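The lines below spell out each chain.
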Amino acid sequence: MERKQEKNNQEKNNQEHNKNIEEENLIAGSSNSQLTLQSSTNQSNFRIDLATKYGYIHTKIDRITITGRPTEKLIDSFGNSVQLYDNTGLLSEISITRDGEFSSYVGQLFPEKNQNCFVSYEPVKSLKMGDIRPFRMDFNPNKLTINNLGIALRKIIPYLKDIAITRIDFAFDFERDLSNIFVDWSASKREFFDKTGALKTRYYGNEASDYQIVFYDKKQERLNKTTDENEKELFSSFDTLWRIEFRLHNNNFIKNQIKRNFSVLEKQRITTRNYDLLDTLELSAQEKIFIRASDDYPELFKQLGNSTKSKYRKLREQISEIDLTDIFRDTLVKAEIGLGEVHSVNAVEFFSDILQAKIPKI
């Protein structure tokens, strides 16, 4: 009997010890997983090569949307230990029905305007829409300090059931002009230009699809939008700064991509075109037009016959120079998060933990 009691006490102590370690790891530094440790040296050389050859700067997890079903402990905590704010920094009010019953809450976790972590729980609306997951958290981990990001993850993730991740944005920044980058993807394409006729943004795909690829002039975008003088000074220091974003949507697609280590990042070829090389090929005027049209109107190009498409894809390869496709997925082992003090995480492990209702190491 004494041995059984001693064993129970030991198990209880071990549980407490593991809980303390888990909480300490919440605001710890970079992940110490085997994968990260084994690849740290190779990653350093890999990134130096990328910076030299392509002007690569970093990879960021740029937006996350999480939905789920809250436990009673989470629901209760929003009336006690957790406070919601509107974006003016004032305390947000919880909505009550005419019958005096709880209806919903919508707000952000932190009072600072630049620390946006939006949270909502709308059970009534959820039932009306077919019992969809009623809880939602939407945030950019690069717009939160590591401390606040840790607080948000610790207070929310372990107390959700049936968790889904419905949006992930990966951002890849380059000190290069990427206006001559094209995606070999027969998806709809939209482009926006500035007053001088220079490309500002190029979209492939749309928000209703499983994923979308976007290129844009990050320097100009921030200089046009920000009112923060420090941020203006930072982005003005770049001669050029362009961003490639992969915007992943839909729970089932994202869940599958996490299992596949985000193979979608390598699905479409992303290359620069040198149209001057067309003159070195023995092509007719019609063939040159078809090659240009395959980039300018990819949604029309896919309507051509398979043999025609195959022919022009091969010709297009002959005028493609820099291929960025193979580098995106390899940088995810050190994806950046955090405002001010930046930490690196293994993106696959980070999102796998969230789906399992575990607090990810940051």
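### Quick notes on the pairing of strand E12 (residues 270–273)
Residues Ile 270 and Thr 272 line one face of E12 and the alternating positions Thr 271 and Arg 273 line the opposite face, and both faces are buried. Sheet topology note: the strand E7 (residues 181–183)/E12 ladder contains 3 bridges and is antiparallel. Residue pairing in the sheet places Phe 182 in a bridge with Thr 271 of E12. By the bridge criterion, 2 bridges tie E12 to strand E13 (residues 320–323) in an arrangement that is antiparallel. By the bridge assignment, Arg 273 is partnered in E13 with Ser 320.

### What to know about the sheet that holds E12
The strand order across the open sheet built from 3 strands is E7-E12-E13, with neighbouring strands paired in antiparallel fashion. Either end of the sheet is taken by a strand with one partner, and the two such strands are E7 and E13. Sheet twist, expressed as the average angle between the axes of neighbouring strands with direction ignored, equals 45°.

### Regarding the pattern of salt bridges
Think of it this way: side chains of opposite charge can pair up when their charged atoms draw near. Taken as a whole and assessed by the stated rule, the structure comprises 25 salt bridges. For Asp 184, the salt bridge identified is with Arg 273, shortest N-O distance 2.3 Å. Note that Asp 184 is positioned in the loop between E7 and strand E8 (189–193) and Arg 273 in strand E12, a separation of 89 residues in sequence. Arg 273 gets classed as buried once you look at its relative accessible area, which sits at 4%. For Arg 243, the salt bridge identified is with Glu 245, shortest N-O distance 3.8 Å. Overlapping salt bridges bring together Asp 62, Asp 173, Arg 243, Glu 245 and Arg 247 as one network.

### Focus: the side chain of Asp 353
Assignment of secondary structure puts Asp 353 in helix H12 (residues 347–355). Excluding residues that lie within four positions of it along the chain, Asp 353 makes contacts with Lys 358, Ile 359, Pro 360 and Lys 361.

### Describing the confidence of the model for the protein
Averaged over the protein, the pLDDT score is 85; the fraction of residues at 70 or greater is 88%. Ignoring residues within four places in sequence, the model shows residues 12–39, a span with pLDDT below 50, making 28 contacts including any to other chains.

### Quick look at the packing of helix H6 (residues 218–225) against helix H7 (residues 229–236)
At a minimum axis separation of 9 Å, H6 and H7 run at an interaxial angle of 155°. Judged by the inter-axis angle, H6 sits roughly antiparallel to H7. Pair H6 / H7 crosses with left-handed handedness. Facing Lys 218, Lys 219, Arg 222 and Leu 223 of H6, the residues of H7 in contact are Glu 231, Lys 232, Phe 235 and Ser 236. Class assignment of the residues belonging to the contact of H6 with H7 gives a composition of 2 nonpolar, 1 polar and 5 charged.

### As for the side chain of Asp 169
As for its position among the elements, Asp 169 is in strand E6 (residues 160–174). With sequence-adjacent residues up to four places away left out, Asp 169 is seen in contact with Lys 60, Ile 61, Asp 62, Arg 63, Glu 245, Phe 246, Arg 247 and Leu 248.

### A word on helix H11 (residues 306–318)
Taking 1.5 Å per residue as the helical rise, H11 with its 13 residues ought to reach 18 Å, and the 19 Å between its terminal C-alpha atoms agrees with that figure. Among all positions in H11, only Lys 309, Tyr 312, Leu 315 and Arg 316 are buried. The buried residues of H11 occupy one face: seen down the axis, they fall within an arc of 130°. Among the exposed residues of H11, those oriented more than 90 degrees off its buried face are Asn 306, Ser 307, Lys 314 and Glu 317.

### Description of the pairing of strand E3 (residues 102–108)
Counting buried positions over the 7 residues of E3 gives 5, a clear majority of the element. Examined bridge by bridge, strand E2 (residues 95–96) and E3 share 2 bridges and lie antiparallel to one another. Bridge pairing in E3 links Ser 95 to Ser 104. Pairing of E3 with strand E4 (residues 117–121), which is carried by 4 bridges, proceeds in the antiparallel orientation. Note on E4: the bridge partner recorded for Gln 108 is Phe 118.

### Quick word on unusual backbone geometry
Despite not being glycine, Asn 261 shows a phi value in the positive range, around 55°. Along the chain, Asn 261 falls in the loop between helix H8 (251–259) and E12. The exposure class of Asn 261 is partly exposed, given its relative accessible area of 40%. Its identity is not glycine, yet Phe 262 carries a phi of approximately 55°, on the positive side. Along the chain, Phe 262 turns up in the loop between H8 and E12.

Cut-offs and rules
Residues numbered from 1 in each chain as written. Predicted model: local features only at pLDDT ≥ 70, side-chain atom pairs only at ≥ 80, totals over all residues. Heavy atoms only, no water. Buried < 20%, exposed > 50% of the residue type's maximum accessible area, 1.4 Å probe, protein only. Helix = DSSP H or I, 4+ residues; strand = E, 2+ residues; numbered from the N terminus. Pairing = 2+ DSSP bridges. Axes fitted to C-alpha atoms, helices over the stretch in contact; angles between N-to-C directions. Salt bridge = Lys/Arg side-chain N within 4 Å of Asp/Glu carboxyl O. Contact = heavy atoms within 4.5 Å. pLDDT = per-residue confidence, 0-100. Parallel < 35°, antiparallel > 145°, perpendicular 65-115°, else oblique. Left-handed = near helix turned anticlockwise from the far one by under 90°. Nonpolar A, V, L, I, M, F, W, Y, C, P; charged D, E, K, R; others polar. Expected span 1.5 Å × (residues − 1). Arc of directions from axis to C-beta.

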